[in-house]
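Take a look at the letters that make up each chain.
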Amino acid sequence: MDFDTYFKAELDQLKHEGNYRIFAEVERQCGNFPKVKHFDGPDVQEVTVWCSNDYLGMGHHTDVVDSMISAVRACGTGAGGTRNISGNNHMHRILEEELADLHGKESALLFTSGYVSNWAALSTLGARIPNAVILSDEGNHASMIEGIRHSRADKVIWKHNDWRDLDRKLKAVGDRPKIVAFESVYSMDGDICPMREIIEVAEAHGALTYLDEVHAVGMYGPRGGGISEERGLADRVTLIEGTLGKAFGVVGGYVTGSEAMCDFIRSFASGFIFTTALPPAVAAAATASVRHLKISTSERVAQKDRVQRLRAKLDAQGIPHLENDSHIIPVMIGDPVKCRMISDILMQEWGVYVQPINYPTVPKGTERLRITPGPLHSDADIDHLVTALASLWKQCALAHAVA
């Protein structure tokens, strides 16, 4: 087989369909968020980022930056290997204590990313709990899907955010160990789950609840504990999984729960045992970010204000976007080629960076620009973005929202 010929043919098909991914070359500028440098060959321009998952700009916060620098000078750059080999770094333990406290749990366990924490935890629970069945929301993230698949446990898919369908399928499973896996904020549509109803159904059937809060931690609740904290439900969730790479502005993932469960995952999860640990400096920076957002509400208040202002401006121009109660604004295009083209024009002609979201991340026909306003976007930034979108909507003959 001529492997490169096959690879190129598959890539050509992606390009023909408009689904080939092109990554912009950018350089974040500390202290200047949400502005970044965009490199296009020899040309460099400053652009405004509208699609970052550093939702609150904490990756540039002075306390977070200073904590990382101090830790590098004190401990060096790396962890030296896996925690199994190199030991539990003191900064890992401190961060795990902060995360357990954030969610009101007995214990927490760090991973190298949110993807790995989902993959490792779900695969371990599904594989090691005898005769387990995992009931997964059909909208769950790829990391959860991969973890469930890798576990080789029986799986049941329930309709997205439909707790009545979950109830029916839990009944059909019968008397087996059951794990209900779902998210709080779904990253592409920005919708928030009916958490109380899901938990009550799961409790009625004696199921373990596995909640992914990656797009909610830092963003919701009085201390940034997520939707489960905001709604007073964290104590009723068996396992809460989160990330340090979005609103906390660093990198890494984690799970929180009972001491026994976290120790169980620590002891059996290959994705934890055999992976080099997070650098101590990363843990120190994440600790500073978590501690700051536990007591500071100003970032969350400002972020909500920016979301409301942008939504109102989009409505005034008739630019269609999905309604939801979260911080994510999906501006709907519905065509992969136009979605890519609009993204390119925004960058090249308007100095606006927002990445197109195409299949397979979202279903075909629902291509979109996923916009995430942050507390550091100014009124002028918002006005410029909306002016650019309104111009392109007319230029590309896209449908306007019906008032």
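Scroll up to find the structure.
Residues numbered from 1 in each chain as written. Predicted model: local features only at pLDDT ≥ 70, side-chain atom pairs only at ≥ 80, totals over all residues. Heavy atoms only, no water.

Account for empty space enclosed by the protein, with residues named and values stated.
One pass over the structure, following the stated rule, counts two cavities of 30 Å³ or more. Taken as a whole, the largest cavity encloses approximately 100 Å³ of empty space. Along the walls of the largest cavity sit R83, H92, L110, F111, T112, G271, F272, T275, T276, A277 and L278, which together make up its complete lining. Those elements that provide at least two residues to the lining of the largest cavity are β4 (107-111) and α11 (270-273). Of the residues belonging to the lining of the largest cavity, the class tally is five nonpolar, five polar and one charged. Put simply, the second largest cavity is a space of about 40 Å³. Taken together, F33, V49, W50, C51, S52, D54, Y55, T372, P373, G374 and H377 make up the lining of the second largest cavity. (1 Å grid on protein atoms, 1.4 Å probe; cavity = no way out; pocket = protein on both sides within 12 Å on 5 of 7 lines; lining within 4 Å. Points joined across faces, edges and corners; volume = space filled by probe spheres on them. Helix = DSSP H or I, 4+ residues; strand = E, 2+ residues; numbered from the N terminus. Nonpolar A, V, L, I, M, F, W, Y, C, P; charged D, E, K, R; others polar.)

I'd like a description of the sheet that holds strand β1 (residues 25-28), backed by residues and values.
An order of β1-β2-β3-β12 is seen for the four strands of this open sheet, with the pairing classed as mixed. The open sheet has two edge strands, β1 and β12 (352-353), and neither has a second partner. Pairing between strand β3 (residues 43-49) and β12: two bridges, direction parallel. Within β12, the position partnered with T48 by the bridge is V352. (Pairing = 2+ DSSP bridges.)

Describe the pattern of salt bridges, with residues and values.
Tallying each qualifying case throughout the model produces 24 salt bridges. Note that R168 is salt-bridged to D165, the shortest N-O span being 3.5 Å. Highlighted residues: R168 and D165, both in helix α7 (residues 163-173), separated by three residues, approximately one helical turn. Under the relative-accessibility criterion, R168 is labelled partly exposed at 48%. The closest approach of N and O atoms between D379 and R309, which form a salt bridge, is 3.3 Å. Of the two residues, D379 sits in helix α15 (residues 379-395) while R309 sits in helix α13 (residues 298-317), which places them 70 residues apart along the sequence. (Salt bridge = Lys/Arg side-chain N within 4 Å of Asp/Glu carboxyl O. Buried < 20%, exposed > 50% of the residue type's maximum accessible area, 1.4 Å probe, protein only.)

Before we move on, can you summarise the pairing of strand β14 (residues 368-371) with the specific residues and values?
Residues R368 and R370 point to one face of β14 and L369 and I371 to the other, with burial holding for every one of them. Summarising the sheet, strand β11 (residues 329-332) and β14 pair through four bridges and their orientation is antiparallel. Considered in β14, the bridge of V331 is made with L369. With two bridges joining them, strand β13 (residues 356-357) and β14 adopt antiparallel strand pairing. Bridge assignment links I357 to a residue of β14, and that residue is R368.

Provide a residue-level description of the state of the cysteines, including the pertinent values.
Tallied over the entire structure, the rule returns zero disulfides. Free cysteine C30: the closest other cysteine sulfur is in C51, separated by 19 Å. Residue class for C30 comes out exposed when judged on its relative accessible area of 56%. (Disulfide = S-S within 2.5 Å.)

Lay out the packing of α7 against helix α8 (residues 195-204) with the relevant residues and their values.
Packing of α7 against α8 brings their axes to within 9 Å, and their N-to-C directions diverge by 10°. Regarding the angle of α7 to α8, the classification is roughly parallel. Contacts from W163, L166, D167 and L170 in α7 reach E197, I198, V201 and A202 in α8. Residue classes in the contact of α7 with α8 are distributed as six nonpolar, no polar and two charged. (Axes fitted to C-alpha atoms, helices over the stretch in contact; angles between N-to-C directions. Parallel < 35°, antiparallel > 145°, perpendicular 65-115°, else oblique. Contact = heavy atoms within 4.5 Å.)

Help me get a handle on the sheet that holds β11, residues and values and all.
Strands sit in the order β11-β14-β13 across an open sheet of three strands; the sheet is antiparallel. The strands lining the two open edges of the sheet, one partner per strand, are β11 and β13. Against the sheet, α13 makes contact with β11 and β14, and its axis sits at roughly 20° relative to β11, the strand it touches most.

Give me the lowdown on α8, citing residues and values where you can.
Listing the buried residues of α8 in full gives M195, I198, I199, V201 and A202. Taken around the axis of α8, the buried residues stretch over an arc of 165°, which confines them to a single face. Packing partners of the buried residues in α8 comprise β6 (154-158), α7, β7 (178-183), β8 (208-212) and α9 (227-230). G206 lies just past α8 and shows a positive phi near 65°. (Arc of directions from axis to C-beta.)

Give a detailed account of the environment of V44, specifying residues and quantitative values.
Tracing the backbone shows V44 in strand β3. The spacing of V44 and A181 is 137 residues in sequence and 44 Å in space, taken between C-alpha atoms. When neighbours within four sequence positions are excluded, V44 is seen to be in contact with K37, H38 and F39.

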